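Per-entry structural report
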Amino acid sequence: SDRSLEKCDEDCPSHVFNTSVFTNTILMEWDLVCERQNLASLTQTIFMLGILVGNMFFGGLADKLGRRIPLVIAVIVQLVFGVASSFATNFWVFSACRFITAAATGGTMVTS
């Protein structure tokens, strides 16, 4: 096979990212390329799972308490963990924050 067509090359010591649009992304920050590129897709899956969990949790809570209290709780959680995800120090902390943010997002969708 032609090695010049491969996206990742073991002989290349570092990656060069296009920063013409974004100066920093999670792909750049945690080097989510080559054998780690599946982690970028995993974080989107974790986010969507959080939406599902949030819909079920806050939907049940809204049935018991009414819609106002769960909506306010979901908005506050969404704010706190949305900001916290921007300060995450590693991929797994980022993914956990995104899961909780997504659960709160699901809560705001189902209760509003």
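In the structure shown here, the tally under the stated rule is 2 aromatic pairs. With centroids separated by 5.1 Å and ring planes inclined at 85°, the aromatic side chains of F57 and F58 adopt a geometry described as edge-to-face. Of the residues examined, F58 reaches a relative accessible area of 6% and is grouped as buried.

On to the packing of helix α2 (residues 38-65) against helix α4 (residues 91-111). The N-to-C vectors of α2 and α4 enclose an angle of 40°; their axes lie 6 Å apart at closest approach. Relative to α4, α2 is oriented oblique. Every pair of crossing elements has a handedness; the one defined by α2 and α4 is right-handed. A per-class count over the contact of α2 with α4 returns 18 nonpolar, 10 polar and 1 charged.

For α2, spanning 28 residues, the distance from its first C-alpha to its last is 40 Å, which sits close to the expected 40 Å at 1.5 Å a residue. Looking at α2, one finds that the buried residues are L39, T43, I46, F47, G50, I51, G54, F58, G59 and A62. On its buried face, α2 is in contact with α1 (26-29), α3 (68-86) and α4. Just beyond α2, the residue with positive phi is G66, at close to 95°.

Before going further, it helps to examine the confidence of the model for the protein. Summary statistics for the protein give a mean pLDDT of 85 and a share of 87% for residues scoring 70 or more. Within the protein, the lowest mean pLDDT, 72, falls on α1, and the highest, 96, falls on α3.

An α-helical turn contains 3.6 residues, so a residue and the one three or four places further along point in the same direction. The end-to-end C-alpha distance of α3 is 28 Å, a good match for the 27 Å that 19 residues give at a rise of 1.5 Å each. Looking only at α3, the buried set comprises P70, A74 and S85. Mapping the buried residues of α3 onto a view down its axis gives an arc of 35°, with all of them on the same face. Those residues of α3 that are exposed and angled more than 90 degrees off the buried face are R68, L79 and S86. Structurally, α3 contributes buried residues whose contacts are with α2 and α4.

Here T105 is to be found in helix α4. Look at T105 and you get buried, because its relative accessible area is 16%. A polar side-chain atom of T105 sits 2.8 Å from a polar atom in the side chain of Q78. Once residues lying within four places of it in the same chain are set aside, the contact partners of T105 are I51 and Q78.

About the criteria used
- Residues numbered from 1 in each chain as written.
- Predicted model: local features only at pLDDT ≥ 70, side-chain atom pairs only at ≥ 80, totals over all residues.
- Heavy atoms only, no water.
- Phe/Tyr/Trp six-rings, centres within 6.5 Å; stacked < 30°, edge-to-face > 60°.
- Buried < 20%, exposed > 50% of the residue type's maximum accessible area, 1.4 Å probe, protein only.
- Axes fitted to C-alpha atoms, helices over the stretch in contact; angles between N-to-C directions.
- Helix = DSSP H or I, 4+ residues; strand = E, 2+ residues; numbered from the N terminus.
- Parallel < 35°, antiparallel > 145°, perpendicular 65-115°, else oblique.
- Left-handed = near helix turned anticlockwise from the far one by under 90°.
- Nonpolar A, V, L, I, M, F, W, Y, C, P; charged D, E, K, R; others polar.
- Expected span 1.5 Å × (residues − 1).
- Contact = heavy atoms within 4.5 Å.
- pLDDT = per-residue confidence, 0-100.
- Arc of directions from axis to C-beta.
- Polar contact = N/O pair within 3.5 Å; in protein donor to acceptor, adjacent residues only side chain to side chain.

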